[in-house]
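Residue-level structural notes
Next come the chains, spelled out residue by residue.
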Amino acid sequence: MRILIAEDQALLRDGMSRMLTAFGFEVVETLASGEGLAEKLVAVRPDVSVIDVRLPPTFTHEGVRAALAARRIVAGLPVLVLSQYVERMYARELLSDSAGAVGYLLKDRVGEVAQFAEAVRQVASGGTVMDPEVVGQLLDGRAEFDGLTPRELDVLRLMALGRSNAAIAEELMLAEKSVSNQINSVFSKFGLPPGAHQQDRRVAAVLRYLDRISANPPDPLE
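Calculation criteria
Residues numbered from 1 in each chain as written. Predicted model: local features only at pLDDT ≥ 70, side-chain atom pairs only at ≥ 80, totals over all residues. Heavy atoms only, no water. Pairing = 2+ DSSP bridges. Helix = DSSP H or I, 4+ residues; strand = E, 2+ residues; numbered from the N terminus. Axes fitted to C-alpha atoms, helices over the stretch in contact; angles between N-to-C directions. Buried < 20%, exposed > 50% of the residue type's maximum accessible area, 1.4 Å probe, protein only. Arc of directions from axis to C-beta. pLDDT = per-residue confidence, 0-100. Contact = heavy atoms within 4.5 Å. Polar contact = N/O pair within 3.5 Å; in protein donor to acceptor, adjacent residues only side chain to side chain.

The protein goes by Response regulator in an unreviewed UniProt entry, where it is assigned to Dactylosporangium vinaceum.

Pasting the structure below:
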């Protein structure tokens, strides 16, 4: 599986390269700057990329902007974005095209080696991965939303983390059929039509939360 890494910190960039190589990835390109990154992504078309949100020269949003620009040219180009802090706007932008194959993780997750490698694989295979800290900030203190029950909220939280129905069932100790029923109930309450693609509806459900939080943001993380 071919991977591109864009990270300005040399130690972290080299560490990720060595770690992912050990997990069977082929690192085909490493970059330390956002300059020319979008063009490189389109030219190389890696199976998945790991990109820092903030890259030189300005350390603002070069990484995520390059990822979004490349995905506008190559729909569904798999990209996993890393950030030092929760930046909700970027998470929402990555999810907004409903194409899947995106991830948003805090840099701390890189140290959880096996889980990080699995997240990279999940994005490469077309899945959507969100950092638990992001999801926690979105859901914390919101017991009700569009009439969802506490169990439906639990299911939605795990959906936002990219869990499959089977994984949700195992974590919540429910039958998989019960999980499917809970998910369909969430879709129904959100007004998501049953004829739409299942992955599109899962992403749309998470976006509904992001829209609500944008209108009523929680306190920032310390």
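Let us keep going from here.
Section: the sheet that holds strand E1 (residues 2-6)
Taken in spatial order, the 6 strands line up as E2-E1-E3-E4-E5-E6 in an open sheet, and their pairing is parallel. Each end of this open sheet is capped by a strand with a single partner; those strands are strand E2 (26-31) and strand E6 (128-130). Pairs of neighbouring strands in the sheet enclose a mean axial angle of 15 degrees, with direction left out of account. As defined by bridge partners, strand E3 (residues 48-52) adjoins strand E4 (residues 79-83) across 4 bridges and the pair is classed as parallel. Within E4, the position partnered with Asp52 by the bridge is Leu82.

Description of the pairing of E3
Across the 5 residues that make up E3, a large majority, 5, are buried. Burial along E3 is two-sided: Val48, Val50 and Asp52 facing one way and Ser49 and Ile51 facing the other are all buried. Bridge count between E1 and E3: 4 bridges; the pairing is parallel. The residue bridging Ile3 from the neighbouring strand is Val48, located in E3.

Describing helix H8 (residues 165-172)
Taken together, the buried positions of H8 are Asn165, Ile168, Ala169 and Leu172. Projection of H8 onto a plane perpendicular to its axis shows the buried side chains occupying an angular sector of 100 degrees, all on one side. Once H8 finishes, Met173 follows within two positions and takes phi at roughly 55 degrees, a positive value.

Some details on the confidence of the model for the protein
Considering every residue of the protein, the mean pLDDT works out to 83; 82% of them sit at 70 or more. In the model of the protein, helix H10 (residues 198-215) stands out as the element of lowest mean pLDDT, 64, in contrast to E1, which has the highest, 97. Segment residues 217-222: pLDDT under 50, and 10 contacts once partners within four positions in sequence are set aside and those in other chains are kept.

With respect to the side chain of Asp52
Within the secondary structure layout, Asp52 lies in strand E3. A relative accessible area of 5% means that Asp52 is categorised as buried. A polar contact is formed between the side chain of Asp52 and the backbone nitrogen of Arg54, at a distance of 3.3 Å. Those residues in contact with Asp52 that sit more than four places away from it in its chain are Ala6, Glu7, Asp8, Gly63, Val64, Leu82 and Lys107.

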